[in-house]
Amino acid sequence: MIIDCHGHYTTEPKAFMDFRKAQIAHFDDPKANPKPELGDISDDEIRASIEGNQLKALKDRGGDMTIFSPRASGMGHHVGDEAMSKEWTRLSNDMIHRVTQIFPENFIGVCQLPQNPEAPIANAIEELERCVDMGFVGCNLNPDPSGGMWTGVPLTDRAWYPFFEKMVELDVPAMIHVSGSCNPNFHMTGAHYINADTTAFMQFLQGDLFADFPDLRLIIPHGGGAVPYHWGRYRGLADMMGKPPLREHVMRNVYFDTCVYHQAGIDCLFEVIDVDNILFASEMFGAVKGVDPETGHNFDDTKRYIDALDLSEADRTKVFEGNARRVYPRLDKALRARGL
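Residues numbered from 1 in each chain as written. Predicted model: local features only at pLDDT ≥ 70, side-chain atom pairs only at ≥ 80, totals over all residues. Heavy atoms only, no water.

### Quick look at the side chain of Ser69
Right, on to step 1. Considering the arrangement of structural elements, one finds Ser69 in strand β2 (residues 65–70).
Right, on to step 2. Owing to a relative accessible area of 3%, Ser69 belongs among the buried residues under this scheme.
Right, on to step 3. Within polar-contact distance, the side chain of Ser69 engages the side chain of His8 at 2.9 Å.
Right, on to step 4. If we skip the residues at most four places from it in the chain, Ser69 touches Gly7, His8, Tyr9, Ile96, Val110 and Asn140. (Helix = DSSP H or I, 4+ residues; strand = E, 2+ residues; numbered from the N terminus. Buried < 20%, exposed > 50% of the residue type's maximum accessible area, 1.4 Å probe, protein only. Polar contact = N/O pair within 3.5 Å; in protein donor to acceptor, adjacent residues only side chain to side chain. Contact = heavy atoms within 4.5 Å.)

### Here's the deal with the sheet that holds strand β4 (residues 139–141)
Right, on to step 1. The 5 strands lie next to each other as β4-β5-β6-β7-β8, forming an open sheet whose pairing is parallel. Two strands in the sheet have a free side with no partner beyond their single neighbour: β4 and β8 (278–279).
Right, on to step 2. As judged from the 2 bridges shared by strand β5 (residues 174–176) and strand β6 (residues 218–220), these two strands associate in the parallel manner. Residue Ala174 lies in a different strand from β6, and its bridge partner there is Leu218. (Pairing = 2+ DSSP bridges.)

### Section: unusual backbone geometry
Right, on to step 1. A cis amide bond links Met284 with the next residue in sequence, Phe285, at an omega value of -10 degrees.
Right, on to step 2. Here Phe285 shows up in the loop between β8 and α12 (303–307).
Right, on to step 3. A positive phi is found at His222, a non-glycine position, where the angle reads about 55 degrees.
Right, on to step 4. Among the secondary structure elements, His222 is positioned in the loop between β6 and α9 (231–240).
Right, on to step 5. Here Glu283, not a glycine, exhibits a phi torsion of approximately 65 degrees, which is positive.
Right, on to step 6. Tracing the chain through its elements places Glu283 in the loop between β8 and α12.

### Let's talk about the packing of helix α5 (residues 125–133) against helix α6 (residues 161–170)
Right, on to step 1. The contact between α5 and α6 brings their axes to 10 Å, and the two run at 15 degrees. Judged by the angle between their axes, α5 and α6 are roughly parallel. The hand of the α5/α6 crossing is right-handed. Here α5 contributes Ile125, Leu128, Glu129 and Val132 to the contact with α6, which in turn contributes Pro162, Phe163, Lys166, Met167 and Leu170.
Right, on to step 2. Of the residues belonging to the contact of α5 with α6, the class tally is 7 nonpolar, no polar and 2 charged. (Axes fitted to C-alpha atoms, helices over the stretch in contact; angles between N-to-C directions. Parallel < 35°, antiparallel > 145°, perpendicular 65-115°, else oblique. Left-handed = near helix turned anticlockwise from the far one by under 90°. Nonpolar A, V, L, I, M, F, W, Y, C, P; charged D, E, K, R; others polar.)

### With respect to helix α13 (residues 313–327)
Right, on to step 1. Taking 1.5 Å as the rise per residue, α13 with 15 residues should run 21 Å; its terminal C-alpha atoms sit 20 Å apart, in good agreement.
Right, on to step 2. The sharpest bend along α13 reaches about 55 degrees and sits at Val319.
Right, on to step 3. By the burial criterion, the buried members of α13 are Arg316, Val319, Phe320, Glu321, Asn323, Ala324, Arg325 and Val327. (Expected span 1.5 Å × (residues − 1). Bend = angle between axes of the 7 residues up to and from the residue.)

### Here we look at the nonpolar core
Right, on to step 1. Ranked by size, the top nonpolar core spans 72 residues in total, and within it Leu128, Leu141, Phe163, Phe201, Phe204 and Phe270 carry the most contacts.
Right, on to step 2. Those residues in contact with Leu141, other than ones at most four positions away along the chain, are Leu113, Gln115, Ile121, Leu155, Trp160, Phe163, Phe164, Ala174, Met175, Ile176 and His177. (Core = buried A, V, L, I, M, F, W, Y, C linked by side-chain atoms within 4.5 Å.)

Below, the structure written as structure tokens:
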């Protein structure tokens, strides 16, 4: 079985995104723009938005299931206030749940959280619990809800601990994933995403989070940002700071995905990072769309890069299936209930 651990609903029905635009307009100027209501969106509309897009690509590329979450850039935690974020998050997660109900064999849910720069992360616990009750297997956690301004505290700060405690209790992992950037210095997907991935790893290196949460599981997407390419730098920094070796200090709890869009990058990832810490993913359709003129294949058809590696069958199975089932135990439980 081939499980893609990183997919986003970027082909939502037009009415859903129109609601979001109206919601933001109302917040910005409530006198000129009435508070919107999300109208009915039919199952047929959702089916049409998926069948010719994510589902077709998944099947064409040889995949079986995607761990599916709302559009990352659309989470917009820096937009509006906490009440607005809660409403938008709930509606977004409900849309993911509907996709998983219409296509239960191919999609399983991961939720966004109602984060806001002014709100404590503990306020997101209620939505996580609601989504887990609906069958979601994890969440996306934004380390910078300020949208590229980085006004909050590091992930190792105790302010995050109530949410981490709930994650451990529910036995769900989090993918570390920022949303849009309102800082013109940081292009959203080209800089902000990779910066966040790298920053999160460095925060884990500097702190001792996993001494307090030995069962916490976190996925850093986009191949771990700059980390694999600069592994020697991080090993050296850990040594200078008197930390244990990275494989003991961080990598018992942290995993990287394969959202790296060229063969040399995948080669580096697998040469540097232990295969037990790598989960297959493509992020389709996300940061990079289109066909690579050098290969004739889609940039985000990451399965091709894995297939080109000289891996044993056991290691190939870990990357495509086993590691995801281990890191997302609720996914494993759901698959076992289906006899898979």
